[in-house]
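Structural characterization, general
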Amino acid sequence: MTVHGSEARPQDSTGNGNGNGDGGVTTADQLPADLQDERLIASRGVSGAISAFTSRLRSGDLGSVPVVIGLIIIWAVFQIANGSFLSSRNLVNLTLQTTSIGVIALGIVLVLLLGEIDLSVGSVSGLAAAVLGVTFVNQGWPLVISLIIAVVLGLVIGLFYGALFTRFGVPSFVITLAGLLGFLGLQLLVLGKEGTLNFPFDSALVGFAARSFLSPALSYGLIAVVIVAYVLTRLRARGARLAAGLSAAPHSMIAIKAVALAAVLAIPAIVLNGDRGVSSMFLLFLALVVVTDFAIRRTRWGRSVVAVGGNVEGARRAGINVRMIYLSVFAACSTFAAVGGILAAARLVAVGQSSGGTDTNLNAIAAAVIGGTSLFGGRGSAYSALLGAFVIMSIQNGLALLSLDSSVRYVVTAGVLLIAVTIDSLSRRSRQAHGRA
Amino acid sequence: MTVIPTPAPPGTSTVLALRGISKRFGAVQALKNIELDVRAGEVLALVGDNGAGKSTLVKTIAGVYTADDGTMVFDGKEVRVGSPAEAQQLGIATVFQDLALCDNLDVVANLYLGRELRRGRVLDEIEMERSSWELLRQLSAKIPSVRIPVASLSGGQRQTVAIARSLLGDPKVVMLDEPTAALGVAQTAEVLNLVERLRERGLAVILISHNMADVMAVADRVAVLRLGRNNGVFQVSETKSQDIIAAITGATDNAVSERAARRTREEGSAS
C-alpha cells in the first residue's frame, strides 16, 4: 500500500461548525473515524509507518533508539578490542550479570515515571540479601520463608518511603538518601561480625541462579509461543479496530513486525544456546520486564502512574488517588530492589558487607536513564531497564575482558551516563519545540 | 454505550439555584447574598471586575469552597457540596482555567483519565478511541488525531479536550472558567461554537469571561457581580454591552453617572 494522497481525502464535514451535514456522512464513511481529519498527514501501510517513525525521531521522540545505537557501538568496540567479547560463553555471562541490576532498574523506571527518585535501592538490595543469608544460612529457616521475608522487607521499606512522601511531603531524594545510609547500617548490623555469609552450593536458590538453563528446544518452543501469541493478539486487535470503525495496521505490517520480533528473540537464543543457553534467572528478568511493561501501558494503575508523572494536579482532579499511586510505586521499587539483591547474592553464592554497595545503586539508576526513561517524569518504558542494564554491564564486562581496572570502568560508565542524560534533556527540548512534550 | 447525556428539552427549567450564598475569608466578605438561577439549555455569563468574586463563586459551586451561608438548590433539591467529587457526582462539571490536562498523554487518555474503560483488568483502548471520536464529532470538535500527545494541540483544541472530558460524567451544569482567555481569534470562535453545542444539548452552561464580545456572542443572560454582590442580571437580547460594562464597573452606582444617564434619557425622549 502506498501513501494515501491528500486529493483522495474528503473534506472534514465537521469544519462548518454545524455538525455532520448529510453530504459529509457519506464521504466520511469511506475512511476510518480516526483518519478523517484533512489536516492529518496520511501515513498508511509499511512506508507510512516508516515515515511516521522517522518524523517522530526528528521531533525528538527518541524512545529507545539512542540506547540501541549506543549498545551496538559498545559491542562493536569491545569485539574489535577483544575477539571473545561476542562469544556465546561471554554473552551467557553477560545475561547473568545483567539480571540483578536490570531487576533493580525496573523499580527505578517506575519511580522515574513519577518524576521521583530512589537512591537507596542498593542498600535495600543488600539488606534483603543479608536478611535472606542470616535467616536461611545461619538460622536454617526454610528457603521459601526466608525469600518471602526478604521480599516483604523490601515492600515494607517502600511503603515506609511512600508514607513519608505522601504524609509529610518530604522530597523523595532526601528520604531515600537517608534510606541509603540507614539500611546500609542495618545490613552491617544484620550480618554481624562475620561480615560474609556463603550460601550452600546445593541449595535451590544457587541452583536456580547459577546452574539452571533452558534446553535449546524449550527456548525455541517458548519463542514460537511468544510469536504466535503476538500475531494472534495483533490480529484480534486489528479485527476489533476495524469493527469499531477505526484504522488498523495492514496484514503486511503485522507480518513484518512478527518477523522482526522473531529475529530479535531467536538470534540471541541461537547465540546463547551455543554455550550454556538462556538462563532461568535471565528469563525471570525478561518476564518481569514484560509484566511491568504491560502494567504500565495497559492497566488503569499504569495509566495513572504516567498521568501523575506528567501532571500531578491534573491527575488529582481527574479523580486519581495520587497518594495510592505514590505509595504503590515506592513499594514496587523497593520490592524490585529486594528481588534484585536476592538474585545478585544467589549468583555470587554469598552475601557480604559490600553487597549492594554504591556501585549497585548508581548502576541501576544509570541503567534506567541510559535506557531512555526520562528523569523529568511521565516518560519511559520497562524495556529501558533491560537495554540500559545491558549497556552498563557490557561496559563492565568488556573492560574486565581487557583486564582494565575499575578506574577506567567508572570513567567510561560516567561518560555514557552523561551522554544519556544529555540526550534526554536535548530530546525533551526538541519535543517541546515540536509539541510532543 | 452513549457518551453524551440525552439532551433535556431546552426550556426554562431551573437546574441550579443559589439562594443567599455568602463566603468570607477572614475579614474579607468575598460573596454576600448571591442569588443566581441557572437554567437548562441556557448559557449564563458570569461577569465582573477583578476581585468581584467570580472565581470564589465558581469554586463554591464546584465544591472547592463551602459557603458560609445560603443554600444551593440542584434539580429541585437542596444540596450541600462538600468536595469537587461530590459536585461532579451531582452533575456539576467545571473546566478550570488551567485545564489540568496531562501533556504527556494522548487525547484519549486525557478524556478518560480516572474513568478508563476496561475489559476485565485491561484498558479497552479501542472502545475508548471509538467513543472519543464519537464524542468529538458530536461536539463538532476539530481535533486532527486522538492519538497525539495533548502537548501538540493548540490552545483552543486543548480547551475543547478539557470541555469534552467534563461531558463524560453526564453533567447537567457545565462551568467554564475563562475558556477563551489567551486564545486567538479562530480558536476563540472554535470554543464559542462548542459552547453553542453544549446549549443545544440542553446543558446549563455557566461561562465566566472577561471578554464582552464573547459574552454578547454566546450568552443568553449575563449575571454581573460587583464587590461580592449581585449587580444585576441582563437579557443579552435586550441589553447593550455598555450597560453591562456600567454594571461591572459600578458606574451606575454613582450619583453623577445616574444623573447623566437620566439627562440623556430625558433628552432622548424629548427629541
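These numbers were taken from a predicted model, which means no experiment stands behind them.

What follows covers the overall build of chain B. The secondary structure content of chain B amounts to nine helices and twelve strands. The 271 residues of chain B split such that 46% are buried. Restricting the contact set of chain B to residue pairs at least 6 apart, pairs at least 24 apart contribute 69%.

This next bit is on the sheet that holds strand S3 (residues 42–48) of chain B. Residue and element names in this part refer to chain B. Judged by pairing direction, the sheet is mixed, and its six strands sit side by side in the order S6-S9-S10-S3-S11-S12 without closing on themselves. The open sheet is flanked by strand S6 (92–95) and strand S12 (229–235), the only strands paired with a single partner. The mean angle between the axes of side-by-side strands here comes to 20°, regardless of whether they run parallel or antiparallel. As paired elements, strand S11 (residues 221–226) and S12 share five bridges and run antiparallel to each other. Its bridge partner lying in S12, Ala223 is registered against Val233. Against the sheet, helix H6 (residues 185–200) makes contact with S3, strand S9 (173–177) and strand S10 (204–208), and its axis sits at roughly 150° relative to S10, the strand it touches most. Strands S3, S11 and S12 of the sheet are contacted by helix H8 (residues 241–249), whose axis makes an angle of about 25° with S11.

Let us now look at the interface of chain B and chain A. Contacts between chain B and chain A engage 30 residues on the former and 35 residues on the latter. Those elements giving two or more residues to the side of chain B that touches chain A turn out to be strand S8 (122–123) and helix H4 (125–138) of chain B. Per-element tally for the side of chain B that touches chain A: the top contributor is H4(B), with six residues. Of the residues belonging to the side of chain B that touches chain A, the class tally is 15 nonpolar, six polar and nine charged.

Residues and elements named next belong to chain B. Taken together, four strands build an open sheet; the order of strands is S2-S1-S4-S5 and the sheet is antiparallel. The strands lining the two open edges of the sheet, one partner per strand, are strand S2 (28–39) and strand S5 (77–79). Averaged over all pairs of adjacent strands, the angle between strand axes in this sheet comes to 25°, irrespective of strand direction. Relative to S2, strand S1 (residues 14–25) is paired through eight bridges, and the arrangement is antiparallel. Bridge pairing links Leu18 to Leu36 in S2. Helix H1 (residues 54–62) contacts S1 and S2 of the sheet and is inclined by roughly 60° relative to S2.

Another point: the nonpolar core. Membership of the largest hydrophobic core comes to 182 residues, with the highest contact counts inside it found for Ala105(A), Ile108(A), Ile342(A), Val205(B) and Leu207(B). The greatest single-element share of this core, amounting to 17 residues, is contributed by helix H14 (residues 322–348) of chain A. Sequence-distant contacts of Ile108(A), defined by excluding residues within four places in its chain, comprise Asp118(A), Val121(A), Cys333(A), Ala364(A), Ile365(A) and Ala368(A).

Let us look at the domain arrangement of chain A. Residues and elements named next belong to chain A. Annotation of chain A at the domain level lists domain 1 (6–45), domain 2 (65–212 + 279–433) and domain 3 (220–270). Each side of the interface is counted separately: domain 1 has five residues, and domain 3 has four residues. Class assignment of the residues belonging to the side of domain 1 that touches domain 3 gives a composition of three nonpolar, one polar and one charged.

Residues and elements named next belong to chain B. Within S9, five of the five residues are buried, which leaves it mostly tucked inside the rest of the structure. Of the two faces of S9, the one lined by Val173, Met175 and Asp177 and the one lined by Val174 and Leu176 are each fully buried. Pairing of S9 with S10, which is carried by five bridges, proceeds in the parallel orientation. The partner of Asp177 across the bridge, within S10, is Ile208.

Here we take up helix H11 (residues 280–298) of chain A. All names here are of chain A. Here H11 contains 19 residues, and its C-alpha end-to-end distance of 26 Å stays within 8% of the 27 Å for a straight helix at 1.5 Å per residue. Every buried residue of H11 is listed here: Met281, Phe282, Phe285, Leu288, Val289 and Thr292. Seen end-on, H11 carries its buried residues on one side only, within an arc spanning 115°. Those residues of H11 that are exposed and aimed more than 90 degrees away from the buried face are Ala287 and Val291. The elements touched by buried residues of H11 are helix H4 (88–113), helix H8 (204–211), H14 and helix H16 (383–401).

The rules we used
- Residues numbered from 1 in each chain as written.
- Chains lettered and ligands numbered in written order.
- Predicted model: local features only at pLDDT ≥ 70, side-chain atom pairs only at ≥ 80, totals over all residues.
- Helix = DSSP H or I, 4+ residues; strand = E, 2+ residues; numbered from the N terminus.
- Buried ≥ 20, exposed ≤ 12 C-beta atoms within 10 Å, placed from the backbone.
- Contact = placed C-beta atoms within 7 Å.
- Pairing = 2+ DSSP bridges.
- Axes fitted to C-alpha atoms, helices over the stretch in contact; angles between N-to-C directions.
- Nonpolar A, V, L, I, M, F, W, Y, C, P; charged D, E, K, R; others polar.
- Core = buried A, V, L, I, M, F, W, Y, C linked by C-beta atoms within 7 Å.
- Domains from an automatic or database assignment.
- Expected span 1.5 Å × (residues − 1).
- Arc of directions from axis to C-beta.

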